[in-house]
Amino acid sequence: DGGITQSPKYLFRKEGQNVTLSCEQNLNHDAMYWYRQDPGQGLRLIYYSQIVNDFQKGDIAEGYSVSREKKESFPLTVTSAQKNPTAFYLCASSPLDGRYEQYFGPGTRLTVT
Amino acid sequence: SQQGEEDPQALSIQEGENATMNCSYKTSINNLQWYRQNSGRGLVHLILIRSNEREKHSGRLRVTLDTSKKSSSLLITASRAADTASYFCATDHSGGSYIPTFGRGTSLIVHP
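Residues numbered from 1 in each chain as written. Chains lettered and ligands numbered in written order. Predicted model: local features only at pLDDT ≥ 70, side-chain atom pairs only at ≥ 80, totals over all residues. Heavy atoms only, no water.

### Some thoughts on the side chain of His29(A)
Residue and element names in this part refer to chain A. The following threshold applies: Helix and strand definitions here come from DSSP, where helices need a minimum of 4 consecutive H or I residues and strands a minimum of 2 consecutive E residues; each element is numbered from the N-terminal end. Under this definition, polar contacts are N or O atom pairs within 3.5 Å; protein pairs additionally need one hydrogen-donor-capable and one acceptor-capable atom, and for neighbouring residues in sequence, both atoms have to be side-chain atoms. Between two residues, a contact is recorded if the distance between any of their heavy atoms is within 4.5 Å.
Here His-29 lies in the loop between β3 (19-25) and β4 (31-37). Within the local environment of His-29, its side chain forms a polar contact with the side chain of Ser-93, the two groups lying 2.8 Å apart. For His-29, the contacting residues outside a window of four places in its chain are Arg-68, Lys-71, Ser-93, Ser-94, Pro-95 and Tyr-103.

### What to know about the pairing of strand β9 (residues 85-93) of chain B
Regular strands have side chains that alternate between both faces of the sheet. Residue and element names in this part refer to chain B. Condition: Burial status follows relative accessibility: with a 1.4 Å probe on protein chains alone, a residue under 20% of its type maximum counts as buried, one over 50% as exposed, and anything between as partly exposed. When DSSP finds at least two bridges between two strands, those strands are taken to pair.
The buried fraction of β9 amounts to seven of the nine residues, a majority that puts the element mostly inside the structure. Pairing analysis gives eight bridges linking strand β4 (residues 29-37) to β9, with the strands arranged antiparallel. Pairing of Trp-34 across the sheet is with Cys-89, part of β9. As paired strands, β9 and strand β11 (residues 106-111) are joined by three bridges and run antiparallel to one another. When the bridges of β11 are listed, Ala-85 appears paired with Leu-108. Where β9 and strand β10 (residues 101-102) come together, two bridges link them in antiparallel fashion. Bridge assignment links Thr-91 to a residue of β10, and that residue is Thr-101.

### Here's the deal with the interface of chain B and chain A
Using the following cut-off: The buried area of a pairing is the accessible area, by a 1.4 Å probe, that goes missing from both parts when the two are put together, added over both. Take a side-chain nitrogen of Lys or Arg and a carboxyl oxygen of Asp or Glu: if they are within 4 Å of each other, that pair is a salt bridge. When residues are sorted by character, Ala, Val, Leu, Ile, Met, Phe, Trp, Tyr, Cys and Pro go into the nonpolar class, Asp, Glu, Lys and Arg into the charged class, and all the rest, Gly among them, into the polar class.
At the junction of the two partners, chain B supplies 22 residues and chain A supplies 24 residues. Across the chain B to chain A interface the summed buried area is about 1800 Å²; carbon plus sulfur atoms make up 52%. Counting across the chain B and chain A interface gives zero salt bridges. Secondary-structure elements contributing two or more residues to the side of chain B that touches chain A are β4, β5 (43-50) and β9 of chain B. Per-class residue counts for the side of chain B that touches chain A are eight nonpolar, ten polar and four charged.

### Notes on the nonpolar core
Soluble globular proteins: nonpolar side chains tend toward being buried together. Condition: Among the buried residues, those of types Ala, Val, Leu, Ile, Met, Phe, Trp, Tyr and Cys that are joined through side-chain atoms within 4.5 Å form a nonpolar core.
Membership of the largest hydrophobic core comes to 21 residues, with the highest contact counts inside it found for Met21(B), Leu32(B), Trp34(B), Leu74(B), Ile76(B), Tyr87(B) and Leu108(B). Of all the secondary-structure elements, those providing two or more residues to this core are β3 (19-24), β4, β5, β7 (61-66), β8 (71-76), β9 and β11 of chain B. Beyond its immediate sequence surroundings of up to four residues, Leu74(B) is in contact with Ala19(B), Thr20(B), Met21(B), Trp34(B), Leu46(B), Leu61(B), Arg62(B), Val63(B) and Tyr87(B). One finds Cys23(A), Met32(A), Leu76(A) and Cys91(A) within the second-largest nonpolar core, a separate group that totals 20 residues.

### Thoughts on the packing of aromatic side chains
Quick note on the threshold: Any two of the Phe, Tyr and Trp rings considered here, Trp counted by its six-membered ring, make a pair once their centres fall within 6.5 Å; the pair's planes then place it as stacked at under 30 degrees, edge-to-face at over 60, or tilted in between.
The full count for this structure, using the stated rule, is eight aromatic pairs over all chains. Between the aromatic rings of Tyr33(A) and Tyr35(A), the centroid separation amounts to 6.2 Å while the plane-to-plane angle is 20°, which identifies the pairing as stacked. With a relative accessible area of 0%, Tyr35(A) lands in the buried category. Relative to Phe102(B), the ring of Phe104(A) has its centre 6.0 Å away and its plane inclined at 80°; by these criteria the two rings are edge-to-face.

### So, the pairing of β4(A)
Residue and element names in this part refer to chain A. With seven of seven residues buried, β4 is to be regarded as a mostly interior element. The two faces of β4 match: Ala-31, Tyr-33, Tyr-35 and Gln-37 on one face and Met-32, Trp-34 and Arg-36 on the other face are all buried. Note that β4 and strand β9 (residues 87-94) share seven bridges and pair antiparallel. When the sheet's bridge partners are listed, Met-32 is paired in β9 with Ser-93.

In structure tokens:
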């Protein structure tokens with residue numbers, strides 16, 4: 001059963017703590033992406049990776065970090081430096097880049113208090 | 001920065017009616033894609049249209065692209081209550097890294 005998974009679905013953290021969101025895909029896609037979505041807003045790109053061991057900052061990378069040690073996995077760490085971390089986080093993958101459709105995971109809703 | 005902007009922001013119609021939403025963008029693109037998002041869920045890809053294409057169909061969906069006006073439209077015919085969702089366009093810039101940029105979306109409500 002091919003697809004892209006994110007865990008957990010809901011995550012609660014105290015302010016000042018780092019938290020890591022998981023994203024795994026078994027579609028054999030080269031590219032993976034992390035987006036942030038705030039209520040009533042579109043998706044804003046945090047980081048993307050087009051190949052293992054390489055990743056690029058998106059529009060709102062400050063306060064976030066990623067790694068791409070395996071083709072299947074692209075975890076996102078929300079650090080304490082992120083000023084407003086409460087949001088809905090979406091991970092996506094595609095065969096190569098924007099010339100192809102993206103496949104999205106179900107999302108992780110992070111609440112920081 | 002957001003490249004595509006959808007219009008209207010919200011649309012409310014009765015089941016059986018057609019729904020039309022538009023996407024405008026500022027700079028030349030390679031491709032334009034439409035996605036659907038049910039509340040609290042991930043996005044689902046609907047249609048990809050390339051800059052050298054003018055129209056594409058998929059079931060009850062029809063997408064047009066007018067590169068001279070830098071705009072696209074998504075038409076859903078004979079809408080159903082299950083079509084209730086937010087719809088987003090995503091564009092990638094010509095000469096760029098092919099990374100799609102999403103608009104803020106159109107929220108569609110179809111009343112049964």
